Amino acid sequence: MYMKFSVILIALFHSLLFLSQENAKTISISGKIKDKKGGTALEFATVTFQNLSDKKIITGAITDDKGKYTINSMPGIYSMKVDFIGLKSYVADSMKFTGNTVLPDLLLEEDAKLLEAVDVAVEKTTIEHKLDKKIFNVGNDLVSKGSSASDLLNNVPSVNVNASGVVSLRGNSGVRVLINGKPSVLTANNGLEQIPAESIEKVEVITNPSARYDSQGTAGIINIILKKNKKGGFSSSLQATSGIPSNHALGYNASYKHNKINLFTDLRYRYIDFPAKESNLRTIYNSGTIDSYLAGSTKRLRNNRTFTIYFGGDYYFNDKNTLTLSYYHRNNVSRNTVDYTFNYLDRYKNQQRLITATENYREPQKSNQIELNYLKTFSTEGQKLTFNLQYDFWNDDENESITEQETLPVALAVKKLRSRDIESSKDFLFQTDYIHPFGKTSRLEAGSKGEIRQINSDYNVYDNDTPVDSLNNVLRYEEQIIGAYLQYGQSFKKFQYLLGVRVEDSKTGSKDDLGLFNIRKKYTNFFPTAHLTYNVSTALNFQLSYSRRIDRPSFWHLNPFGGIADRRNIRVGNPDMNPVYTDSYELGTLIRWKKCSVNPGFYYQFSKNIFEDLRTASANGFLVTKVINSGTEDRMGAEISVNYSPLKWLTVSGEANYFRFEQRGIFNVTGNALTSRLSTRAKFPSWNFQTNFNYIGGRKTGQLNEQAQYWFDIGMGKDLFKETATITVKADNLFNSRIIKGVASGPDYTLTYTMQNIGPRVYATFTYRLNRKKNEKDRLPD
């Protein structure tokens, strides 16, 4: 026994000795790949080393966003090859390496024979996978033509935007939407509908954010990056859209860059209708038996008229110091015309009463954002310091006017009810970030951020011109969040890690003028994060990550003044809400082949104090919905995304996300959900074609049980006048199948409903460019 153990020990010792000797011989070879014409770094260039004797690939790498690559190999003599689509390959034979080597920058030239293929490739929307995020690069295909940021997000893997503008990630609406890494007035009041998709460069989907990002958002963060003009001289573009139902827009964008000054402006106007309809049947129980029914129907026409203006400038003190000042203004007027019908039936469904109502709603909104940015770079590559000051202020004036009349069994006098809610917000933000690299393989990041916000809501209700004192009130909300973070990242050989922690101190206060409530909350939290990546090869890696997140209740959650339009289905806020806390774990891998990439992943989330709607019947039979903290939720899921390009002109991509969840607390619910999307894009030299099929599976949460939804979109585009102009035609929800059906249940009722908030929409967009290439985007607010 002893002899056997000794043999094993000696063998293990010699194995370790051999491995240590092999590791000792490993050397590092690094360098940069650039475009010879413009001198810009080339990301995703492929670098491979081959053994000269058998031509087998020994090792390889893909360049990062700085064009850098690092290869670990044994000393020896190799041939080196560098490939990048549309550029001539670089080949060097008989290169001898005996120690760590930094090669001179390699400049790749254009290949005229491949230019047409390049035009096809660079205009397709692609997906990148980074250490702590996925990046959806917006190409020049139909995804970005004539649509809004909301439409674009519906094409991003794992993301969905419903008819009300609520964004969800993996089926979870606790998501934080940022513009260029910062909260912005552009996302307030359903503002994503007003951002043209053509002005978006890329969308970062961060399901497990690092400490660099806000902790807000239990589902993660969606960071929309808007394009900045980089070309010198004057350039501009004009865009016009028209469609059915009414969808008319006109936009003009211009920029001028010369020496140390860069000026930019953007003007847009949009007129759009959103027709919708709804029907429902409430079954009312008394001691477990059916007592009566209430059948309702709603026909709605919402209209938005929006004007936006944005202008500003960059001043370059030198090549390392830049100052940017900008101003953004949005003037939006929303109008709603709604017809309601309420049919009261007895237990045998015989008609007892009939009430009809009409609502006229008008809401002018004015939003403003002033921003000052300072960027300083250093001689050390990657070292960067940024300062940002931002002041947002907006106000809206919500006016509701309702006329209601009971016509059966006898005609009664017309009732008139109107309300007015004047809301205003002031939001001041400061943020600073610093990155300090240590050599080429590690970096330290630190920063701080503060946000101070005040919102007032002055709510008044009149019944036949008589003030309703029980409803008239003023809500005053204050929020102060101060945070700081520190994180360190390093890469060596095939391993990368990023460790960080963020601390945030939050203070909130809600009070009303009538003295019904005065709620103050204060909490300080630490949010650790960890991201690990192991690169098995250039075609395969594994990623493991963890983050702690928070979802603070929004003003919409807190505001108790929910409106009076449909008094039989009332929604009220809850000023005593607590934040949701989530611990999130993920494991993913990325597999690349020449024409295909596959990205499967698994995730687990545990949340406490989750938000859910509680629906109860009032004494007069009205259904009141109030948001509450209902308890805890365990969620475990798997997702996969596939991108396949069998031909240079054809790309097929698909994704699926499946999760199971268990809620415990006020509601004890176990369920599952599935979402999927399939897209096909064909791109030829002067025209393109695209289809999207979307599926959202049925889901049960709290008191709701909803059926599956699915819809189909299609589009075509054509370049004109030597690519100075483009015309596109798109049809969304082509077969009118995007319909929500479900059942809400309570102790003494069930409510069956059908909602069609988004019908078919067909529209065409014409874009004309002056001194601007078709793959150059407009400059919009940071």
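Please read all numbers here as calculations on a predicted model, not as lab measurements. (Residues numbered from 1 in each chain as written. Predicted model: local features only at pLDDT ≥ 70, side-chain atom pairs only at ≥ 80, totals over all residues. Heavy atoms only, no water.)

Caption draft 1: Representation of the pattern of salt bridges. The full count for this structure, using the stated rule, is 25 salt bridges. Asp214 is the salt-bridge partner of Arg176, the closest N and O atoms lying 3.2 Å from each other. One end of the pair, Arg176, is in strand E13 (residues 175–179); the other, Asp214, is in the loop between strand E14 (200–206) and strand E15 (220–226), and 38 residues separate them in sequence. Exposure class is identical for Arg176 and Asp214. Each is buried. Measuring nitrogen to oxygen at the nearest pair gives 2.7 Å for the salt bridge that ties Arg420 to Asp397. Of the two residues, Arg420 is situated in strand E23 (residues 415–438) and Asp397 in strand E22 (residues 384–408); the sequence distance between them amounts to 23 residues. (Salt bridge = Lys/Arg side-chain N within 4 Å of Asp/Glu carboxyl O. Helix = DSSP H or I, 4+ residues; strand = E, 2+ residues; numbered from the N terminus. Buried < 20%, exposed > 50% of the residue type's maximum accessible area, 1.4 Å probe, protein only.)

Caption draft 2: Expanded view of the sheet that holds strand E34 (residues 623–629). Pairing within the open sheet is mixed, and its 3 strands lie in the order E30-E34-E33. Only two strands of the sheet have a single partner each, and these edge strands are strand E30 (569–572) and strand E33 (611–617). For this sheet, the mean inter-axis angle between neighbouring strands, taken without regard to orientation, is 30°. Relative to E34, E33 is paired through 7 bridges, and the arrangement is antiparallel. When the sheet's bridge partners are listed, Thr616 is paired in E34 with Val624. (Pairing = 2+ DSSP bridges. Axes fitted to C-alpha atoms, helices over the stretch in contact; angles between N-to-C directions.)

Caption draft 3: Fine view of the nonpolar core. Residues Leu153, Val167, Ile200 and Val203 are the most contacted members of the largest nonpolar core, which totals 29 residues. Only helix H3 (149–153), strand E11 (159–161), strand E12 (167–169), E13, E14 and E15 provide two or more residues apiece to this core. Residue contacts for Val167: discarding those within four places in its chain leaves Leu153, Val159, Asn160, Val161, Asn172, Ser173, Val175, Val177, Leu192 and Ile222. Within the second largest apolar cluster, 26 residues are counted, among which are Ile355, Val468, Phe555 and Met577. (Core = buried A, V, L, I, M, F, W, Y, C linked by side-chain atoms within 4.5 Å. Contact = heavy atoms within 4.5 Å.)

Caption draft 4: Here's a closer look at the pairing of strand E27 (residues 495–512). With 18 bridges joining them, strand E26 (residues 473–492) and E27 adopt antiparallel strand pairing. By the bridge assignment for E27, Ile481 is matched with Ser506. Bridge count between E27 and strand E28 (residues 518–537): 17 bridges; the pairing is antiparallel. By the bridge assignment, Lys507 is partnered in E28 with Lys522. With antiparallel pairing between neighbouring strands as the criterion, E27 and E28 make up a hairpin whose turn holds 5 residues, including Gly515 at a positive phi of roughly 75°.

Caption draft 5: Up close: the confidence of the model for the protein chain. Here the protein chain averages 85 in pLDDT, and 88% of its residues register 70 or above. Across residues 112–125 the pLDDT falls below 50, and counting only partners more than four positions away or on other chains, this stretch makes 31 contacts in the model. In this model, residues 777–782 is a region of pLDDT below 50 whose contacts with residues beyond four sequence positions or in other chains number 49 contacts. (pLDDT = per-residue confidence, 0-100.)

Caption draft 6: Layout of the side chain of Ser653. Secondary-structure assignment places Ser653 in strand E36 (residues 650–665). Assessed through its relative accessible area of 15%, Ser653 is described here as buried. Contact partners of Ser653, with chain neighbours within four places excluded, come to Val642, Asn643, Arg677, Leu678, Ser679 and Arg681.

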